[in-house]
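Below are the chains, spelled out letter by letter.
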Amino acid sequence: MKTVIMAGGKGTRISSVASDIPKPMIKIDGVPVLEREIECLKAQGFNDIIITVSHLGQVITDYFGDGSKISPATGKPFGVKIEYYFEKQPLGNAGALFKIKDKLTEDFLLLNADAVFDIDFNRFVRYHKDKGGQVTLFTHPNSHPYDSGLLIANENGEVTSWLTKEDERPEYYCNRVNAGLHVISPEVLKQDINTPKIDLDRQLLKPLAGTGKMFCYDSPEYVKDMGTPDRYEAVCKDFRHGIVSAKNLINKQKAVFLDRDGTINKYVGFLRDINDFELIDGVADAIKKINQSGYLAIVVTNQPVIARGEVTYGQLKDIHNKMETLLGSEGAYLDAIYFCPHHPHKGYEGEIAELKIDCDCRKPKPGMLLQAAKDFNINLTKSVMIGDGENDILAGKAAGCKTVYIGQEDYGQDLTIPGLKEFNLREIIC
């Protein structure tokens, strides 16, 4: 599979870090960010690369050549095949694709050259092929969804709405942001666009929303733009601490599993009304610290109100969207949310008969944690379960996790704390 890397941006926002080289050549721990991208691709078998260049593009072509040169930074061969397309006039961030479309006869990866990432590309491509769409977008939660473009998708992962920064958005939304990594079919380029510049998002991708041809690939792996001085410093720090490579799903992950009611939001009994959802003070900061630690933050919650017919799946989704929106407004995010809709006891008016079962996912059983471990390659023995009920502790123990209880009772937990805001990961990990 070919990979197209768009490396033509001027990088005006980060010019204070380096103004005499193109943004993709800014170094992360001594190695240009574009070289780190190529290293990640090569390691997974993606060695046929086209790079589109413009501003100071000669710096890039001189450094990498055709991919057979020795890296000045590492002393090792690049070990890939590289071709270039040089934009003499600015064509927008997708115009060059139409100039090279004769080379793009099969599905291809399309990446930005100014992002720091380390992801399992083969897993990404398998998902794309399984879905059979024209485009698959790598999506993830971030710490600032309120000023990011958002993607709305259905349960099958089909993108139903594409909300750019300037678009009106719902009051509450899923924290799902386009990370700038794509798998694209050449079918997308079989159209005539006559504008001098072509915008990838607005002219090629956004029109596919709601057509069933574009899908989200949700992943917690590390992808961050280093386009501002502050973000550049942040990704350099993450790289030095090993967080960038550790988040690749090829590697075993570590997670902090979180109960919802009484742990993240104030306990009100069975929460049926979205207006009753309110974050506990200090929870957003606590989850933000989990995000920064490199651990995944994953909610696992029993929701018998679904089986009892008191809340619909849609209403529960709205409640979870509110949770994600409120956390996002304070710079925190959840990597995934798992819920059990079942309830074993029958006899409730309006109950959903097929959900009134003794399942494997309802805590104290560990089913939700085990499913998350399968989905994200999690090492459960290196992970933590936090909750305010005995069932949370029992589920965590059954999964092999360390356990943290919020309250005063003794259920054999490894650590007891007054609330999530008092949680210190260092107190429980070895």
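Structural data are supplied above this passage.
Thresholds applied
Residues numbered from 1 in each chain as written. Predicted model: local features only at pLDDT ≥ 70, side-chain atom pairs only at ≥ 80, totals over all residues. Heavy atoms only, no water. Helix = DSSP H or I, 4+ residues; strand = E, 2+ residues; numbered from the N terminus. Buried < 20%, exposed > 50% of the residue type's maximum accessible area, 1.4 Å probe, protein only. Areas by Shrake-Rupley, 256 points an atom, 1.4 Å probe, with all protein chains shown as cover. Pairing = 2+ DSSP bridges. Right-handed = clockwise from strand over helix to strand, strands pointing away. 1 Å grid on protein atoms, 1.4 Å probe; cavity = no way out; pocket = protein on both sides within 12 Å on 5 of 7 lines; lining within 4 Å. Points joined across faces, edges and corners; volume = space filled by probe spheres on them. Nonpolar A, V, L, I, M, F, W, Y, C, P; charged D, E, K, R; others polar. Patch = residues over 30% accessible without salt bridge, like charges linked within 9 Å, V, L, I, M, F, W, Y side chains within 5 Å. Salt bridge = Lys/Arg side-chain N within 4 Å of Asp/Glu carboxyl O. Lys, Arg positive; Asp, Glu negative; His and termini not counted. Charge placed at Lys NZ, Arg CZ, Asp CG, Glu CD. Phe/Tyr/Trp six-rings, centres within 6.5 Å; stacked < 30°, edge-to-face > 60°. Expected span 1.5 Å × (residues − 1). Axes fitted to C-alpha atoms, helices over the stretch in contact; angles between N-to-C directions. Parallel < 35°, antiparallel > 145°, perpendicular 65-115°, else oblique. Left-handed = near helix turned anticlockwise from the far one by under 90°. Contact = heavy atoms within 4.5 Å.

Peer 1: Where do I start with the overall build of the protein in this structure?
Peer 2: The helix and strand inventory of the protein stands at eleven helices and 19 strands. Taking the principal axes of its C-alpha atoms as reference, the protein extends roughly 70 × 45 × 35 Å. Buried positions account for 53% of the 430 residues belonging to the protein. Taken as a whole, the protein presents about 19,200 Å² of accessible surface, with 47% of it coming from carbon and sulfur.

Peer 1: Would you take a moment to explain the pairing of strand 17 (residues 384-387) for this structure?
Peer 2: A regular strand carries its side chains on alternate faces of the sheet. Side-chain alternation along strand 17 places V384 and I386 on one buried face and M385 and G387 on a second face that is also buried. In the sheet, strand 14 (residues 255-258) pairs with strand 17 via three bridges, with the strands oriented parallel. Across the sheet, F257 pairs through a bridge with M385, a residue of strand 17. Both strand 17 and strand 18 (residues 402-406) contribute to a ladder of four bridges, which runs parallel. What sits directly across from G387, in strand 18, is Y405. Read from strand 17 through helix 11 (residues 390-399) to strand 18, the crossover connection turns out right-handed.

Peer 1: In this structure, what is going on with unusual backbone geometry? I would like to understand it.
Peer 2: Generally, phi is negative for residues other than glycine and the peptide bonds are trans, each holding for most cases. With an omega dihedral of 25°, the bond running from K363 to P364 counts as a cis peptide bond. Backbone geometry at D29 places phi at a positive 50°, although glycine is not the residue there. With respect to the helices and strands, D29 occurs in the loop between strand 2 (27-28) and strand 3 (31-32). When its relative accessible area of 54% is taken as the criterion, D29 is described as exposed. Phi at N377 takes a positive value of approximately 55°, unusual for a residue other than glycine. With respect to the secondary-structure elements, N377 resides in the loop between helix 10 (367-376) and strand 17.

Peer 1: Before we go on, may I ask you to explain the layout of surface pockets in this structure?
Peer 2: In this approach, a probe sized like a water molecule rolls over the atoms, and the result shows the empty space that is left. Taken as a whole, the second largest pocket holds about 1,200 Å³ of empty space. Forming the boundary of the second largest pocket are 34 residues, of which E155, R176, D218, A336 and I337 lie nearest the centre. Where the lining of the second largest pocket is concerned, the elements lending two or more residues are helix 4 (121-131), strand 8 (135-140), strand 12 (214-218), helix 9 (313-328), strand 16 (336-340) and helix 10. Broken down by element, the residue count for the lining of the second largest pocket peaks at five residues, all from helix 9. Here the residues of the lining of the second largest pocket sort into 15 nonpolar, nine polar and ten charged.

Peer 1: For this particular structure, what's the right way to read a positive patch on the surface?
Peer 2: A contiguous patch of positive charge on the surface is contributed by K254, K382, K397 and K402. One can find K254 in the loop between helix 7 (243-246) and strand 14. Residue classification places K254 among the partly exposed residues on the basis of a relative accessible area of 38%.

Peer 1: Looking at this structure, how should I read the packing of aromatic side chains?
Peer 2: Two numbers describe a pair of aromatic rings. These are the distance of the centres and the angle of the planes. Throughout the structure, instances matching the rule amount to eleven aromatic pairs. Consider the rings of F64 and F78, whose centres lie 4.9 Å apart with planes at 50°: the pair is tilted. Of the two residues, F64 is situated in helix 2 (residues 57-64) and F78 in the loop between helix 2 and strand 5 (81-86); the sequence distance between them amounts to 14 residues. Residue F64 is classed as buried on the basis of its relative accessible area, which comes to 0%. Aromatic pair Y405 and Y411: ring centres 5.2 Å apart, planes at 85°, arrangement edge-to-face. Overall, Y411 belongs to the partly exposed group, its relative accessible area being 28%. Within the aromatic cluster, the residues linked to one another by ring pairs are F124, Y127, F138 and Y217.

Peer 1: Sorry, what's going on with the pairing of strand 10 (residues 159-163) here?
Peer 2: Across four bridges, the pairing between strand 9 (residues 150-153) and strand 10 is antiparallel. Residue pairing across strands places A153 opposite V159, the latter belonging to strand 10. Hairpin connection, strand 9 to strand 10: the antiparallel pair is bridged by five residues, and G157 has positive phi, about 85°.

Peer 1: Just to check I follow, could you spell out helix 9 for this structure?
Peer 2: Structurally, the α-helix is built with 3.6 residues per turn, so residues lying three or four positions apart point the same way. In this model, helix 9 (16 residues) spans 22 Å end to end at C-alpha, consistent with the 22 Å of a helix rising 1.5 Å per residue. Within the sequence span of helix 9, burial applies to L316, I319, H320, N321, K322, M323, E324, T325, L327 and G328.

Peer 1: What exactly am I supposed to notice about the packing of helix 1 (residues 33-43) against helix 2 here?
Peer 2: When two helices pack together, their arrangement is given by the angle between their axes and by how far apart the axes lie. Remark: helix 1 packs on helix 2, axes separated minimally by 11 Å, with the N-to-C direction vectors making an angle of 45°. One element, helix 1, and the other, helix 2, form an angle in the oblique class. The way helix 1 lies across helix 2 gives a crossing that is right-handed. Note on element contacts: helix 2 touches helix 1 through I60, Y63 and F64, opposite L34, E35 and I38. Per-class residue counts for the contact of helix 1 with helix 2 are five nonpolar, no polar and one charged.

Peer 1: What is the right way to look at the pattern of salt bridges in this model?
Peer 2: Oppositely charged side chains can pair when the atoms bearing their charge come close. All chains considered together, the criterion is met by 21 salt bridges. One salt bridge in this structure joins K23 and D114, with 2.7 Å as the shortest N-O distance. Within this pair, whereas K23 is found in the loop between strand 1 (2-7) and strand 2, its partner D114 is found in the loop between strand 6 (108-112) and strand 7 (115-118), the two being separated by 91 residues in sequence. Overall, the relative accessible area of 8% leaves K23 in the buried class. A salt bridge links D225 to R231; its shortest N-O distance comes to 3.4 Å. Looking at D225, the relative accessible area reads 27%, which means it is partly exposed. On the basis of relative accessibility, which here comes to 29%, the residue R231 falls in the partly exposed class. Shared partners join several salt bridges into a network, and the residues in it are K2, D48, E83 and K103.

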